[in-house]
Amino acid sequence: MVSEAESMARESVIVVIDGKRSKGMVEPLDWALKHVVRRKNIVIVVGILGDMGKKNATQCFPLNMRFNISGILEKLEFSISSGHAEVKPRDLGEEIERKREQFQAILQPFSKQCKRNEVKMEVKLAAGICPEEITLKEAENANTRWIVLDSHLKKYKMCIYWNVECNVAVMKGKDVATLMPSRAPKPDYSPVSSEQADAQTWPDDRSLNDQETGNQNVIEEGESSIQQTPRGPSWYPLQFRPGFPREFLFSEIEEITNGFSDIICQEENLKVYEGVLQNTPVIVKSIQDDEQFWSMLTILSRVRHRNIMNIVGYCCTATNRLLISDYPCLYSFAMKLQCDVSAINLSWRARWYTAIEIGGSLRYLHEECPDGPIVHQSVCSSNIVYSHGCSPMLSNFMTAKWYKGDVPFNGNSTGKCPNLEEDKQLYVDIHDYGLFLVELISGKVAGCFPHENEGQSLIDWALPLLESSSVTQLMDPRLADKEDDLKVVHCMARAALLCLKNDSGRSISISEVLAVVRGDQRAVLQL
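So, here's what we can say about the structure. (Residues numbered from 1 in each chain as written. Predicted model: local features only at pLDDT ≥ 70, side-chain atom pairs only at ≥ 80, totals over all residues. Heavy atoms only, no water.)

Looking now at the pairing of strand β5 (residues 143-149). Of all the seven residues making up β5, six are buried; the element is thus mostly covered by neighbouring parts of the structure. As paired strands, strand β1 (residues 11-18) and β5 are joined by six bridges and run parallel to one another. Bridge pairing links Ser 12 to Thr 144 in β5. Looking at chain direction, β5 and strand β6 (residues 167-173) are connected through four bridges and run parallel. Paired with Val 148 across the bridge in β6 is Ala 169. (Buried < 20%, exposed > 50% of the residue type's maximum accessible area, 1.4 Å probe, protein only. Helix = DSSP H or I, 4+ residues; strand = E, 2+ residues; numbered from the N terminus. Pairing = 2+ DSSP bridges.)

What follows is the structure, given as structure tokens:
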């Protein structure tokens, strides 16, 4: 009998498989047992089942099933997390039993193989949990040496890789895997989540309200005094390196993407591939819509801001329209909020910094572009992405529009008649920014709000709380609400209300909203 202490000391290999597959499901486990599992290791098989028991579900319910494979079911545990719809395991009866029997039958031969090699096997089935979240939790709880991912789950590989210190393998086919060696020591990729950095940059009472230039604690939009650890050349995003963006030959794109072999996603008029350029991960977007391609290329080739995910290059041939950009290795803000592990690491301070930096990117687009304002038209947590070592970046300019000509800002006339249509378009971004602030405060993602099916949107739920100043009821319960934290949360809440319900009778600029986020009392009084 292995004691708990001995079990903790054992090295483990986590194998994450797509439990919805019927063919090739066990390929990752088979590869792991052949190539990386050693005698007396622990193999943790995590089966991702997706959302069970609901068709077209917009909300998910965590459900963990744990059992040891030894011919007889020894243990079955269910776990329902707070904050999600309560779904009792017995209500899923037949579906759970069918999956349990399927896994037990498929994994039984591997269990015998493990027993012969003194390898302990644990099996956990997860429904309604983000694969990234369950994998990171298991890696935290075990002395993990390898993580082996099913090929169907490869889109999570970079986010997992940058959050663990072990080796990662991603299946490409039967007995073929892409290896990602462990990184040691683990880089501090997210300075805003560092307690040491917080202590250095967190504003005191005066810096929230005092915007005088003499105050060294003030954090300007798009700026940060956080010191980052020097890293190798492959860490630095390509978009900020000399020589980019540039035009690529189609043959170069083929080499970068390994012959377009690794497709990440496919939608109408869009295919997204992953690749490697100068030892740095990139994504290549193949855009079928000619007008959309040229619009994006025109905009992204003219803008430069540290909080905008720009292009690395482009390729245009008779039959191909391709845009290359850095790989958002740490994924979108929406994915971070939906994963409890990542959401807890996004402290109130980190969320406030994110609000300031994304607001700064919008101010740049609306007010600082030399060729006239650009409206993004799709500001949301799903389009705020992170790359390793970088600040949050506004991405996805598929719907962006560029207006040539002068537009008055901050209520000041430029001497020309204001274009009301342009003014309305700019307000779309301001409204969306207000919704993003609600997502930051509540920890909820607009497109996955639990009561969406019942006709209540995230704004419908949040607006009465904002209007009544019931901010504490709005705050993400996964984070502690310290007194100092409440100051910046209230700043974000006031700004969100200004964006979502403008009663002043005049247009509000992003600069005015941003001043409220930063805690400028003069801006609050003026509005």
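That was the structure; now back to the text.
Note that Arg 145 resides in strand β5. Assessed through its relative accessible area of 12%, Arg 145 is described here as buried. A distance of 3.1 Å separates polar atoms of two side chains, one belonging to Arg 145 and the other to Glu 11. Sequence-distant contacts of Arg 145, defined by excluding residues within four places in its chain, comprise Glu 11, Ser 12, Val 13, Val 36, Val 37, Arg 38, Asn 41, Cys 166 and Asn 167. (Polar contact = N/O pair within 3.5 Å; in protein donor to acceptor, adjacent residues only side chain to side chain. Contact = heavy atoms within 4.5 Å.)

All right, on to the packing of helix α12 (residues 348-368) against helix α17 (residues 510-518) then. Axis separation between α12 and α17 bottoms out at 9 Å; the angle between their running directions is 165°. Judged by the angle between their axes, α12 and α17 are roughly antiparallel. For the element pair α12 and α17, the recorded crossing hand is left-handed. Contact residues: Trp 352, Ala 355, Ile 356, Gly 359, Gly 360, Leu 362, Arg 363, His 366 and Glu 367 in α12; Ile 510, Ser 511, Leu 514, Val 517 and Arg 518 in α17. In the contact of α12 with α17, the residues fall into seven nonpolar, four polar and three charged. (Axes fitted to C-alpha atoms, helices over the stretch in contact; angles between N-to-C directions. Parallel < 35°, antiparallel > 145°, perpendicular 65-115°, else oblique. Left-handed = near helix turned anticlockwise from the far one by under 90°. Nonpolar A, V, L, I, M, F, W, Y, C, P; charged D, E, K, R; others polar.)

Take the packing of aromatic side chains next. Applying the stated criterion across every chain, the model contains seven aromatic pairs. Considering the side-chain rings of Phe 250 and Phe 260, the 5.6 Å spacing of their centres and the 25° angle between planes classify their relative orientation as stacked. Of this pair, Phe 250 sits in helix α8 (residues 250-256) while Phe 260 sits in the loop between α8 and β9 (263-267), and the two are ten residues apart along the sequence. Overall, the relative accessible area of 26% leaves Phe 250 in the partly exposed class. Residues Phe 293 and Trp 294 carry aromatic rings whose centres are separated by 5.1 Å and whose planes lie at 75° to one another, so their mutual orientation is edge-to-face. Positioned above the aromatic ring of Trp 348, the side-chain terminus of Arg 351 is 5.3 Å from the ring centre. Directly above the aromatic system of Trp 461 lies the positively charged group of Lys 444, at a separation of 5.4 Å from the ring centroid. (Phe/Tyr/Trp six-rings, centres within 6.5 Å; stacked < 30°, edge-to-face > 60°. Lys NZ or Arg CZ within 6 Å of the ring centre and 35° of its normal.)

Turning next to the pairing of strand β12 (residues 311-316). Side-chain positions along a regular strand alternate between the two faces of the sheet. Sheet topology places strand β8 (residues 246-247) next to β12; two bridges connect them, and they run parallel. Looking at β12, one finds that Arg 246 is bridged to Gly 313.

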